[in-house]
Amino acid sequence: SSGINAECPLRPGTEADCEVTNTRYDGQILCLGKKLNDRIGGQKWFMVGAGAIGCELLKNFALMGVGHNDGMLTVTDMDTIERSNLNRQFLFRSWDVTKLKSDTACKAVKVMNPGINVTSHQNRVGPETEKIYTDDFFAKIDGVANALDNVDARTYMDRRCVYYRLPLLESGTLGTKGNVQVVLPSITESYSSSQDPPEKTIPMCTLKNFPNAIEHTIQWARDQFEGLFTKSAENSSKYLSEPKFLEKQKTVGSMLGLLHGLKKDLVDDRPTSMEDCIKWARFLFEDNFHNTIAQLLFNFPPDQTTTSGAPFWSGPKRCPTPANFDVNDEFHLNFIIAAANLRAFNFSIPACRDRKYFAKVAESINVPIFEPRSGVKIAVTEAEAEAENSYDGSGSSDSLAVLQKELSAIPDLSSIRIQVADFEKDDDTNFHMDYITACSNIRAACYKIAPADKHKTKLIAGKIIPAIATTTAVVAGLVSIEMYKIISGQSNVELYKNAFLNLALPFFAFSEPITAPKNKFYETEWTLWDRFDIKGDITLQELLDKFEKEHKLEITMLSQGVCMLYAFFMPADKRKERSAMKISALVEQVTKKKIPSHKRALVLEICCNDDEGEDLDTPYINYILPQ
C-alpha cells in the first residue's frame, strides 16, 4: 500500500497528541496528531501549475491545511481559463472563462478553507523569471509540487529543486494512465535522471506519398502548416531583421535553399492584397492535391507491379485520385479561405471571411494544365524518404551571389512586416485548425480515407488524449499522501512510494523511489545532490590552489554557463592575467554581463585530473558570493 500503514510512523505518539480541539482539522489530528498538524500549518510550498492536477492538488492542500498557520502556498500559472477546461478543472465555472487560472483557483480554495494562506502568481517558470523566483525565494520554501503539462518546465523545476536541495512531488496523467514520483534531497534520483522512450512516429514515406489513415493526412497537414506559415515566415522575418542571419547557415547548399525560399516569398510570390493571397492559395491547392498526385500516378500507374509481380498499389498503399478544384465543395473552399488568410497574416494583410468573394476570385483564376515529367524521383521506402529529406542541396557560390544580389536589390524590403503563425489549436478565429482540417480531409478524399471533423482533427493534430477527472483525482490523492510523509520528516526511502496506474485495466503499482546513483573520486562518494560549496570572493589562482591542496584535484577547465573562464590550453599570458582576477570579476569580464543583484551564488562547472593526470568526474562548484 502507498498509504499510511503500520510501518509508517505518521500516527500520533500519545493520547494527548490526538486530542481533538473542535477545529476543522480534528479528523486529521485524530489520525496524525497535533504536532504534525501544526507542522503542516507552518509549511511553505511552491505549486507550479493550476490546471487539471493543479486544481485537485490545491483543493487537497487547502483541506489538509497546508500553510494555515504561518505557512504559505504560492501558486503560479500563466494560462487563462478556457471553456474546454471546465469538464476536469473543477475549481473553475463558466463565468470564470478568460480569467487567470492561478487567481481563480486560489480564490476558490479560500472559500473552501478561509484560514488557508495562498498567493497567486501568473509567471512561467524558466530562466527568464529567475529574477522573481530568486535564491531568497527558494530559501524560504519547504518543497515544490509540480502540476505541469510539458517536459521542459518539469526538467527546469527539477534542476531548481536539485540545486536548492528541496523535495519535489512530480505527477502526470495521460487519459486513464497516471504517475507520481517523489524526489527527496540527498536520497533519491531526480526527475531528470530517467527519460521516457521516444514517441512512435509515422514513417516519412507514408506521410509524403502513401497515407492510409486519417492520422497520416492530419500529420501531413500539420507539417505543411509548420513549413508554409511558421518556418518560412520565421526565415523571412530573421532575414529582414538580423544582418548576419545568412552567415549562420552551415553549407552553401543550405544557404542556397534558404535564399530560394526567401526570393520566392519576398520577391516572386509576395502578396500585396487578399486577391494575391487567394491566387497563391489556389495554386497551392493545385500543387497539393492534383499535380503531386498526378506525378505519383505517372511514376506508379494504378496497374503498376513490383519486381515480384505483385500489385504495387496493395496492402497499406492506397491508389490515390487527383482532386479537381470545385468551388462548391465545402472542404475545397475552406482550404482556399484558410490558406489565403494565413498567407495574409504572414504579410500583415487584413483578414477576410466573405465566402462569396473567395469563391468568385478562386473560380476566376487561370491554373496551367499540369504535365507529369519523366525522371522525377519519388521515395517508396523509409530510407529513400529520409535520404531525400536530409539532402542538403547543391549549388555554386556564383548562383548564391546572384540570389543574394537579387534579394538585396529590392528597394522596399525593409518596409515588409512579417508575422509568424505559431500553431494554436484553441483559437477558433485564427484559421489554424480550419487549414489543417480542410487540408487533411481533401488529401484523405484523394486516398479514399474517411474524413474527420474539426473536433477530431484538433485532438489528433494537438496530440490531445482526453483528460479524465478520475485519474487526476487519484494522482492528486497519492501526491497528498507522499506530502504527509515529507512534512513528517521521514528519511527512510522505503516508506515513500512512486506510483504507476492505469484505471482502464485497472492496474496500480507502487515502488520505492530509486536512490541517487553514487559516483566516486578517490575515496569520496558523491551524488547529483552534492557540490563543492565555496564562500567568499577569491581569485582564480586561489581556487586552483584550494582544490590542489584540499582535494588533490587539478582543475583543467572551469566554466560558467556557456562561457569558459579557464582552460589549461589557454595562452600563458591569458592564464596569468585571469589567475590574478577575483572569480566574480572574471565572470563579468568573460560573460560581458553584470552579475544580477538577486544572485547569491554562481554555478561553476569543472573538469579535473587526479594526481596521476587521469580525468575524474566531480560535483560542480557552488560559488557563494559575498552579500
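Residues numbered from 1 in each chain as written. Predicted model: local features only at pLDDT ≥ 70, side-chain atom pairs only at ≥ 80, totals over all residues. Heavy atoms only, no water.

**Comments concerning the overall build of the protein**
A tally of helices and strands in the protein yields 20 helices and 16 strands. Taken along its principal axes, the extent of the C-alpha atoms in the protein is 90 × 70 × 55 Å. For the protein, the residues scored as buried account for 47% of the 627 residues in total. For the protein, the share of sequence-separated contacts (at least 6 apart) that also reach a separation of at least 24 residues comes to 69%. (Helix = DSSP H or I, 4+ residues; strand = E, 2+ residues; numbered from the N terminus. Buried < 20%, exposed > 50% of the residue type's maximum accessible area, 1.4 Å probe, protein only. Contact = heavy atoms within 4.5 Å.)

**Concerning the layout of surface pockets**
The space that makes up the second largest pocket amounts to roughly 1,100 Å³. In terms of lining, the second largest pocket is formed by 38 residues, of which the most central are Arg 160, Gln 560, Gly 561, Lys 599 and Val 603. Elements with a minimum of two residues in the lining of the second largest pocket: helix H6 (151-164), helix H20 (583-591) and strand E14 (601-609). With seven residues, H6 is the single largest residue contributor to the lining of the second largest pocket. (1 Å grid on protein atoms, 1.4 Å probe; cavity = no way out; pocket = protein on both sides within 12 Å on 5 of 7 lines; lining within 4 Å. Points joined across faces, edges and corners; volume = space filled by probe spheres on them.)

**What to know about the nonpolar core**
Nonpolar side chains in soluble globular proteins generally cluster together in the buried interior. Counting 72 residues, the largest nonpolar core has Ile 278, Phe 289, Phe 335, Ile 336, Phe 358, Tyr 435 and Ile 436 as its most contacted members. Among the elements of the structure, helix H8 (214-241), helix H9 (252-268), helix H10 (274-299), helix H11 (330-346), helix H12 (355-364), helix H14 (397-408) and helix H15 (432-446) are those that each provide at least two residues to this core. It is H10 that provides the largest number of residues to this core, a total of eleven residues. Aside from chain neighbours lying at most four places away, what touches Phe 289 is Trp 220, Pro 322, Ala 323, Phe 335, Cys 439, Ile 442, Arg 443 and Cys 446. Within the second largest apolar cluster, 42 residues are counted, among which are Trp 45, Phe 61, Val 182 and Val 479. (Core = buried A, V, L, I, M, F, W, Y, C linked by side-chain atoms within 4.5 Å.)

**Quick notes on a nonpolar patch on the surface**
Judged by side-chain polarity, Phe 500, Leu 505 and Phe 507 come together as a nonpolar surface patch covering roughly 320 Å² of accessible area. Relative to the helices and strands, Phe 500 is located in strand E7 (residues 498-502). Residue classification places Phe 500 among the partly exposed residues on the basis of a relative accessible area of 42%. (Patch = residues over 30% accessible without salt bridge, like charges linked within 9 Å, V, L, I, M, F, W, Y side chains within 5 Å. Areas by Shrake-Rupley, 256 points an atom, 1.4 Å probe, with all protein chains shown as cover. Salt bridge = Lys/Arg side-chain N within 4 Å of Asp/Glu carboxyl O.)

**Thoughts on the packing of aromatic side chains**
On inspection of all chains with the given rule, the structure shows 28 aromatic pairs. Of the aromatic side chains, those joined through ring pairs into one cluster are Trp 220, Phe 225, Phe 229, Trp 280, Phe 285, Phe 289, Phe 325, Phe 335, Phe 423 and Tyr 435. The ring of Phe 210 has Lys 317 lying over it, and the distance from NZ or CZ to the ring centre is 5.3 Å. Positioned over the ring face of Phe 312 is Lys 317, at 5.3 Å from the centre of the ring. (Phe/Tyr/Trp six-rings, centres within 6.5 Å; stacked < 30°, edge-to-face > 60°. Lys NZ or Arg CZ within 6 Å of the ring centre and 35° of its normal.)

**Concerning the packing of H8 against H15**
Helix packing for two helices is described by the angle between their axes and how far apart those axes are. Two numbers describe how H8 lies on H15: the axes approach to 8 Å, and their chain directions differ by 130°. Regarding the angle of H8 to H15, the classification is oblique. Handedness of the crossing formed by H8 with H15: right-handed. Contacts from Ile 214, Thr 217, Ile 218, Trp 220, Ala 221, Arg 222, Gln 224, Phe 225, Leu 228 and Phe 229 in H8 reach His 432, Tyr 435, Ile 436, Cys 439, Ser 440, Asn 441, Arg 443 and Ala 444 in H15. When grouped by side-chain class, the residues that make up the contact of H8 with H15 number eleven nonpolar, five polar and two charged. (Axes fitted to C-alpha atoms, helices over the stretch in contact; angles between N-to-C directions. Parallel < 35°, antiparallel > 145°, perpendicular 65-115°, else oblique. Left-handed = near helix turned anticlockwise from the far one by under 90°. Nonpolar A, V, L, I, M, F, W, Y, C, P; charged D, E, K, R; others polar.)

**Things to note about the confidence of the model for the protein**
Regions with low pLDDT should not have their predicted coordinates read in detail. Summarising the model, the protein shows a mean pLDDT of 89, and 92% of its residues fall at 70 or more. This stretch, residues 1-7, has a pLDDT under 50; its non-local contacts, to residues over four places away or in other chains, come to 14 contacts. Segment residues 391-395 is flagged for pLDDT under 50; beyond a separation of four residues in sequence, or across chains, it makes eight contacts in the model. (pLDDT = per-residue confidence, 0-100.)

**A few points about unusual backbone geometry**
A cis amide bond, omega -10°, links Leu 505 with the succeeding residue Pro 506. Note on placement: Pro 506 falls in the loop between E7 and strand E8 (507-511). One non-glycine residue, Lys 448, lies in the positive phi region at around 55°. On the secondary structure map, Lys 448 appears in the loop between H15 and helix H16 (454-461).

**Brief notes about the pattern of salt bridges**
All told, the structure shown has 22 salt bridges when counted by the stated rule. Of the charged contacts, one joins Lys 99 and Asp 96 as a salt bridge, the two residues approaching to 3.4 Å between their closest N and O atoms. Residue Asp 96 is classed as buried on the basis of its relative accessible area of 7%. Linking Arg 160 and Glu 130 is a salt bridge whose minimum nitrogen-to-oxygen distance equals 4.0 Å. Of this pair, Arg 160 sits in helix H6 while Glu 130 is found in the loop between strand E3 (118-121) and helix H5 (135-139), placing the two residues 30 residues apart along the sequence. Take Arg 160: its relative accessible area is 14%, and that puts it in the buried class.

**So, the side chain of Asp 77**
Following the sequence through the fold, Asp 77 ends up in the loop between strand E2 (72-76) and helix H4 (101-112). Notably, Asp 77 is buried but unbridged: the nearest opposite-charge side chain belongs to Lys 101, and the N-O separation is 5.2 Å. Among the polar contacts made by the side chain of Asp 77, one reaches the main-chain amide nitrogen of Ala 50 at a distance of 2.7 Å. With near-sequence residues (within four places) excluded, Asp 77 lies in contact with Gly 49, Ala 50, Gly 51, Lys 101, Ser 102, His 121, Gln 122 and Asn 123. (Lys, Arg positive; Asp, Glu negative; His and termini not counted. Polar contact = N/O pair within 3.5 Å; in protein donor to acceptor, adjacent residues only side chain to side chain.)

**A closer look at the packing of H8 against H11**
Contact geometry for H8 and H11: axes closest at 10 Å, N-to-C directions at 10°. Put simply, H8 runs roughly parallel to H11. Judged by residue contacts, Phe 225, Leu 228, Phe 229 and Ala 233 of H8 engage Ala 339, Leu 342, Arg 343 and Asn 346 from H11. Here the contact of H8 with H11 is composed, by residue class, of six nonpolar, one polar and one charged.

**Examining the pairing of strand E4 (residues 143-146)**
Here E4 shows no split at all, with Gly 143 and Ala 145 on one side and Val 144 and Asn 146 on the other all buried. Pairing of E4 with strand E5 (residues 168-174), which is carried by two bridges, proceeds in the parallel orientation. Along E5, the bridge assignment pairs Ala 145 with Leu 169. In this fold, E4 hands off to H6, which returns the chain to E5; that crossover is right-handed. (Pairing = 2+ DSSP bridges. Right-handed = clockwise from strand over helix to strand, strands pointing away.)

**Some thoughts on the sheet that holds strand E1 (residues 44-48)**
Strand order in the open sheet formed by eight strands is E3-E2-E1-E4-E5-E6-E7-E8, with mixed pairing between adjacent strands. A strand with exactly one partner marks an edge of an open sheet, and here the two such strands are E3 and E8. For this sheet, the mean angle separating the axes of adjacent strands, direction not counted, is 10°. Of the strand pairs in this sheet, E5 and strand E6 (residues 177-183) are connected by seven bridges, and their pairing is antiparallel. Looking at the pairing, Leu 174 lines up with Lys 177 of E6. Each of E1, E2, E3, E4 and E5 is contacted by helix H3 (residues 52-64), which is oriented at about 160° to E1, the strand it contacts most. Relative to E5, H6 is tilted by about 165°, and along the sheet it contacts E1, E4 and E5.

**Describing H10**
Taking 1.5 Å of rise per residue, 26 residues should cover 38 Å, and H10 covers 36 Å from first to last C-alpha, within 8% of that figure. Residue Asp 287 marks the point of greatest curvature in H10, where the axis turns by about 40°. (Expected span 1.5 Å × (residues − 1). Bend = angle between axes of the 7 residues up to and from the residue.)

**Remarks on helix H2 (residues 34-41)**
Taken as a whole, H2 has its buried residues at Leu 36, Asn 37, Ile 40 and Gly 41. Taken down its axis, H2 places every buried residue within 145° of arc, on the same side. Those residues of H2 hidden inside the fold are in contact with helix H1 (26-32), H3 and helix H17 (469-488). (Arc of directions from axis to C-beta.)

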